[in-house]
Amino acid sequence: MAKLLEGKPIAEKIKEELRLTVRGLKQPPVLASILIGENPGAMSYAKSQQRLAGELGIEYCLRVLPEEATESQVVELIQKLNNDKHVHGISIQMPLPKQIDGESIRRFILRNKDIEGVNSPVAAAVMELIKTSGVDLYGKEVVVVGHSETVGKPLVFLLLDKLATVTVCHIGTSKAGKLEEHVRHAEVLIVAVGKAGLIKGEWIKEGAVVIDVGINRVGDKIVGDVEFEAAEKKASYITPVPGGVGPLTVAILMRNLVEAAVAQQ
Ligand code: NAP
């Protein structure tokens, strides 16, 4: 049975440090968070941000746009927040509605307020959890499922830095019927898609480290992309959903924000 890789204990350490830094600032850091539509993953992430901001003395400003918002409406809001000198960091809740291209809107966020782009908190959280497992990535077969700009792609570079052998799977892999084959070879598997049960537990390689980034609402439950009960029987380490990548991601996002606020003040 796999050991759980929980994000909370690591997040607690980060939070302790942040509380001290925030107390030392002249003004509380301000996080502006943009939520477009009602995607459950995006809404749950916004809620965790709000909760943690409250705990840390960070001012949280949620800006909600309707599901049918256009890219130019989002850009207009971003430019307002860029020009607002009280705002230190801007976060865009993912995934976005289909008509909005994340990359094209993200380009409008001022570099010093972009707390998600350059140092992707999700990718950093995944790397931190792998480190906790004690598994050395050097030469390991790592499979990343999902190649989004904010999760999959930044992860690939961090994994390559550790000299892992990285395979990236995406919709084309699934359509070609090759997802199972790749997953079965993964010594470290990272899944960031947003489809409950996409990865069957029986596909997991014996002893693999499984990091499930996905957040999906199924009935009244939040689950990941991996079939947890079956996967934990085969993996050596696995992240729970909720309680794995999520709490750590939001703590790292706040760390990026506080660093931005320190630099701007
Ligand atoms: P996204 O931008 O929608 O990207 C999803 C990725 O999955 C795309 O690269 C897509 O490929 C790929 N994909 C879609 N269907 C697939 C399939 N059947 N087989 C293989 N790949 C497939 O989403 P995201 O922002 O990266 O987020 C992914 C998930 O992580 C969501 O559930 C989100 O809520 C969650 N998330 C969690 C955290 C956290 O802190 N835990 C943070 C951020 C996101 P194509 O582009 O080629 O279609």
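Worth saying up front: this structure is predicted, and the values here are computed from it rather than measured. (Residues numbered from 1 in each chain as written. Predicted model: local features only at pLDDT ≥ 70, side-chain atom pairs only at ≥ 80, totals over all residues. Heavy atoms only, no water.)

S.K.: What exactly am I supposed to notice about the pairing of strand β8 (residues 209-212) here?
M.R.: Each regular strand shows side chains that alternate between the opposite faces of the sheet. Every second residue of β8 is oriented toward a common face, with Val209 and Ile211 on one face and Val210 and Asp212 on the other, all of them buried. Where strand β7 (residues 188-191) and β8 come together, four bridges link them in parallel fashion. In the strand pairing of β8, Val191 is matched with Asp212. (Buried < 20%, exposed > 50% of the residue type's maximum accessible area, 1.4 Å probe, protein only. Helix = DSSP H or I, 4+ residues; strand = E, 2+ residues; numbered from the N terminus. Pairing = 2+ DSSP bridges.)

S.K.: Explain the site of the ligand to me, please; I cannot follow it from the model alone.
M.R.: Around the ligand, the structure places 23 residues, and the nearest of them are His147, Ser148, Ile171, Ser174 and Lys195. Between an oxygen atom of the ligand and a main-chain N or O atom of His147, the distance comes to 2.8 Å. In this structure, Ser174 approaches the ligand through a side-chain N or O atom, which is 2.6 Å from a nitrogen atom. Breaking the shell around the ligand down by element, the ones donating at least two residues are α7 (171-175) and α10 (245-264). It is α10 that provides the largest number of residues to the shell around the ligand, a total of three residues. (Near = heavy atom within 4 Å. Polar contact = N/O pair within 3.5 Å; in protein donor to acceptor, adjacent residues only side chain to side chain.)

S.K.: Help me out: how do you make sense of the sheet that holds strand β6 (residues 165-169) in this one?
M.R.: Consider a sheet: its strands pair through backbone hydrogen bonds, and that pairing is either parallel or antiparallel. The sheet built from six strands is open, its strands ordered β1-β11-β8-β7-β5-β6 with parallel pairing. The outermost strands of the open sheet, each flanked by one partner alone, are β1 (3-4) and β6. Where strand β5 (residues 141-145) meets β6, five bridges bridge the pair, whose relative direction is parallel. By the bridge assignment for β6, Val143 is matched with Thr167. Relative to β6, helix α6 (residues 152-161) is tilted by about 170°, and along the sheet it contacts β5, β6 and β7. (Contact = heavy atoms within 4.5 Å. Axes fitted to C-alpha atoms, helices over the stretch in contact; angles between N-to-C directions.)

S.K.: What is the right way to read the packing of helix α5 (residues 121-133) against α10 from this model?
M.R.: The angle between the axes and the distance between the axes are what describe a pair of packed helices. One way to put it is that α5 packs onto α10 with a least axis distance of 8 Å and a crossing angle of 120°. When the interaxial angle is binned, α5 and α10 end up oblique. Relative to α10, α5 is oriented so that their crossing is right-handed. Only Val245, Leu248, Thr249, Ile252, Leu253 and Asn256 of α10 make contact with α5, whose side of the interface consists of Pro121, Val122, Ala124, Ala125, Val126, Glu128 and Leu129. In the contact of α5 with α10, the residues fall into ten nonpolar, two polar and one charged. (Parallel < 35°, antiparallel > 145°, perpendicular 65-115°, else oblique. Left-handed = near helix turned anticlockwise from the far one by under 90°. Nonpolar A, V, L, I, M, F, W, Y, C, P; charged D, E, K, R; others polar.)

S.K.: I keep staring at the side chain of Gln93 and nothing clicks. Help me out?
M.R.: Among the structural elements, Gln93 can be located in the loop between β4 (89-92) and α4 (102-106). Owing to a relative accessible area of 0%, Gln93 belongs among the buried residues under this scheme. Of the polar contacts made by the side chain of Gln93, one reaches the side chain of Gln49; its length is 3.3 Å. At 2.9 Å, the side chain of Gln93 and the side chain of Ser91 are in polar contact. Every residue in contact with Gln93, bar those within four places of it in the chain, is listed here: Ser33, Ile34, Leu35, Ala42, Tyr45, Ala46 and Gln49.

S.K.: Is there a simple way to think about the side chain of His88 in this case?
M.R.: Here His88 is to be found in the loop between α3 (71-83) and β4. Separated by 2.9 Å, the side chain of His88 and the backbone nitrogen of Val30 make a polar contact. Excluding its chain neighbours within four sequence positions, the residues that come into contact with His88 are Pro28, Pro29, Val30, Asn112, Lys113, Leu257, Ala260, Ala261, Gln264 and Gln265.

S.K.: Is there a simple way to think about helix α2 (residues 40-56) in this case?
M.R.: The α-helix advances 3.6 residues per turn, and as a result positions three or four apart in sequence lie on the same side. With 17 residues, α2 should cover 24 Å at 1.5 Å per step; its first-to-last C-alpha distance of 24 Å lies within 8% of that length. Taken together, the buried positions of α2 are occupied by Gly41, Ala42, Tyr45, Ala46, Gln49, Leu52, Ala53 and Leu56. Viewed along the axis of α2, the buried residues span an arc of 135°, placing them on a single side of the element. When the buried face of α2 is taken as reference, the exposed residues oriented beyond 90 degrees from it are Lys47, Arg51 and Gly54. In the core, the buried residues of α2 are packed alongside α1 (8-23), β2 (30-36), β3 (59-65), β4 and α10. The backbone nitrogen of Ala42 lies 3.1 Å from a side-chain oxygen of the residue at the head of α2, namely Asn39. (Expected span 1.5 Å × (residues − 1). Arc of directions from axis to C-beta.)

So far we have only geometry, and geometry alone does not tell us how the molecule works.
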